[in-house]
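# Summary of structural features
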Amino acid sequence: LSSQIYKSDITEAELAQKLGEVMNHEMIHAIKMLGLFTPQEYTTLVNAAKAQAFVDKKGTTRRFTYFERAQRLYGDQSAEIQEEEAVAELFRDWAAGRKKLGGKPVSLFRRIVNFLKGIAQDADAEGIFKKIESGEVGARERGVLPETEPVMYSRRGTPEIGINVRYDAGSD
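Residues numbered from 1 in each chain as written. Predicted model: local features only at pLDDT ≥ 70, side-chain atom pairs only at ≥ 80, totals over all residues. Heavy atoms only, no water.

## Thoughts on the side chain of Glu 89
Along the chain, the position of Glu 89 falls in helix 5 (residues 79-95). Taking relative accessible area as the criterion, Glu 89 reaches 4% and is therefore assigned buried. At a separation of 3.1 Å, a polar atom in the side chain of Glu 89 contacts the side chain of Arg 92. (Helix = DSSP H or I, 4+ residues; strand = E, 2+ residues; numbered from the N terminus. Buried < 20%, exposed > 50% of the residue type's maximum accessible area, 1.4 Å probe, protein only. Polar contact = N/O pair within 3.5 Å; in protein donor to acceptor, adjacent residues only side chain to side chain.)

This is the structure we're talking about:
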């Protein structure tokens, strides 16, 4: 992951921007894993990822959707993993300003940003955990948490060059 982000010739601002994009992507996985999406919310985001044309890092709209890209990158994985990756990439690109959205998907994405801002107002971990324990953060009904340990994936490859890279969290 770090070799895909850090290059010796980039500025600190460019590095921070790249790290921010990775964190935006990974937040979708964390929110999904914690069961913070309702089934209806998640279905809305999956449907958006299946309908929206992918926008590359240069801002070029491609002829395939976020979901079609995820299918190619993660063809050996389940449809559920492909959908989650597609939603995470859609959020990454929307948050970076590359992808314009409207309607319910953008409303959900804005709620995620506001949720994260609310957590970030506590500069220390103790304050964050107190809000979680008190129910101030994540107070609504949650979905069922998965029983298996998640596998994380990297955006290293793109379907146009046919690279498929899997990153297991415990392999470092």
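## Examining the pairing of strand 2 (residues 61-65)
Direction of pairing for strand 1 (residues 53-55) relative to strand 2: antiparallel, over a ladder of two bridges. Bridging across to strand 2, Val 55 finds its partner in Thr 61. The hairpin turn running from strand 1 into strand 2, its antiparallel successor, is five residues long, and Gly 59 in that turn takes a positive phi close to 90°. (Pairing = 2+ DSSP bridges.)

## A look at the packing of helix 3 (residues 39-51) against helix 6 (residues 103-120)
Following both chains from N to C, one finds helix 3 and helix 6 inclined at 120°, their axes separated by 9 Å at the closest point. When the axis of helix 3 is compared with that of helix 6, the two are oblique. Note on packing geometry: the crossing formed by helix 3 with helix 6 is left-handed. Side by side, helix 3 and helix 6 meet where Glu 41, Thr 44, Leu 45 and Ala 48 of the first sit next to Lys 104, Pro 105, Leu 108, Phe 109 and Arg 111 of the second. (Axes fitted to C-alpha atoms, helices over the stretch in contact; angles between N-to-C directions. Parallel < 35°, antiparallel > 145°, perpendicular 65-115°, else oblique. Left-handed = near helix turned anticlockwise from the far one by under 90°. Contact = heavy atoms within 4.5 Å.)

## As for the pattern of salt bridges
Counted by the stated rule, this structure contains nine salt bridges. Here Lys 32 and Glu 80 are joined by a salt bridge, their closest N and O atoms 3.5 Å apart. With Lys 32 in helix 2 (residues 12-33) and Glu 80 in helix 5, this pair connects stretches of sequence that are 48 residues apart. Under the relative-accessibility criterion, Lys 32 is labelled partly exposed at 23%. The shortest N-O distance in the salt bridge between Asp 93 and Arg 98 comes to 2.7 Å. We note that Asp 93, like Arg 98, is buried. Taken together, the shared-partner salt bridges in this structure form one network comprising Glu 21, Lys 57, Asp 93 and Arg 98. (Salt bridge = Lys/Arg side-chain N within 4 Å of Asp/Glu carboxyl O.)

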